[in-house]
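Remarks on the overall topology
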Amino acid sequence: MAEIVVVFDFDRTIIDGDSDSWVVTEMGLSDLFHQLRSTLPWNSLMDRMMKELHSQGKTAEDITECLKRTLLHPRIAATIKSAYELGCDLKILSDANQFFIEKILEHHGLLGCFSKIYTNPSFVDGGRLRILPYHDSTLSPHGCSLCPSNLCKGLVLDLIYASAPEGERQNFIYLGDGRGDYCPSLKLQDSDYVMPRKNYPLWDRIFSDPALVKAEVHEWSNGEELEKILLHLINTISTEQSISGSNSSSQSNSSDCKLHMSVS
């Protein structure tokens, strides 16, 4: 049977807000952040914010406690667990960072539901949290005009497609909200599904020219809608796979029967 792969964006998709902005605001960095906003790429700016926190004596544990207070809709948490229990392969593709994502998911008991997290790497170095780009544009620019220099989600989705076991067909469901989710949405096939958050940048881009997107589009606005639509799509794909598998089995049995008859 084909595998169902569900790829989630993180900020404003799994959690209701933006994890970077949450930490900046909650830890008193808003003024410095806005002073430097025009001078650094976002990813480098967040690394600079972590340097400032370290200089103030704030630890990785302090940042973790801040992240635990981020808002995650209970129906989205329940949906992630349901999709995992149904046997879907769940992944995250996000322009946040590894530390923020893992700490939030761990707090909500969801980290083990995901087979892979594709995001900007981060690590604690001498007590300071470092945040680095997924793609190092100084060494190997990804060349995509739709994506920020530090992460092309479309290239990552290509890698996910290519990692499928040979001969195994996969159905993808992609959930996202931002401009960076448009590039991977264009990579999806006509057997796939994309779930843009209504009235967010991805939704705007898709509906400005729907013909450019091959995947079937299902919009959502909140946790209840995400739950209803995602579980419905998973059920629909599973049902279609079962019917297809039954038909293939019937055809195989029929062929076997004809073969036996011809031999006798």
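Residues numbered from 1 in each chain as written. Predicted model: local features only at pLDDT ≥ 70, side-chain atom pairs only at ≥ 80, totals over all residues. Heavy atoms only, no water.

What follows concerns the overall build of the protein. Helix and strand counts for the protein stand at ten helices and eight strands. For the protein, the spread of C-alpha atoms along the principal axes amounts to about 85 × 35 × 35 Å. Counting over 264 residues, the protein shows a buried share of 43%. The long-range fraction of contacts in the protein, counting pairs at least 24 apart against all pairs at least 6 apart in sequence, stands at 64%. Taken as a whole, the protein presents about 13100 Å² of accessible surface, with 50% of it coming from carbon and sulfur. On the protein, the mean spot of the 24 positive side-chain charges and the mean spot of the 36 negative ones are 3 Å from each other. (Helix = DSSP H or I, 4+ residues; strand = E, 2+ residues; numbered from the N terminus. Buried < 20%, exposed > 50% of the residue type's maximum accessible area, 1.4 Å probe, protein only. Contact = heavy atoms within 4.5 Å. Areas by Shrake-Rupley, 256 points an atom, 1.4 Å probe, with all protein chains shown as cover. Lys, Arg positive; Asp, Glu negative; His and termini not counted. Charge placed at Lys NZ, Arg CZ, Asp CG, Glu CD.)

Here helix 7 (residues 153–162) has its buried residues at Lys153, Gly154, Val156, Leu157 and Ile160. Buried residues of helix 7 fall within an arc of 155° about the axis and therefore sit on the same side. Turned more than 90 degrees away from the buried face of helix 7, the exposed residues are Leu159 and Ala162. Those residues of helix 7 that are buried are in contact with strand 1 (3–8), strand 2 (89–97), strand 3 (114–120), strand 6 (170–176) and helix 8 (182–187). (Arc of directions from axis to C-beta.)

Our focus in this paragraph is the packing of helix 1 (residues 19–26) against helix 3 (residues 42–55). Put simply, helix 1 and helix 3 touch, their axes get as near as 11 Å, and they point 30° apart. As judged from the angle between their axes, helix 1 and helix 3 are roughly parallel. You can see that helix 1 and helix 3 cross each other, and the crossing is left-handed. Counted together, Asp20, Ser21, Val23 and Val24 of helix 1 and Trp42, Met46, Met49, Met50 and Leu53 of helix 3 form the full contact between these two elements. Here the contact of helix 1 with helix 3 is built from residues that sort into seven nonpolar, one polar and one charged. (Axes fitted to C-alpha atoms, helices over the stretch in contact; angles between N-to-C directions. Parallel < 35°, antiparallel > 145°, perpendicular 65-115°, else oblique. Left-handed = near helix turned anticlockwise from the far one by under 90°. Nonpolar A, V, L, I, M, F, W, Y, C, P; charged D, E, K, R; others polar.)

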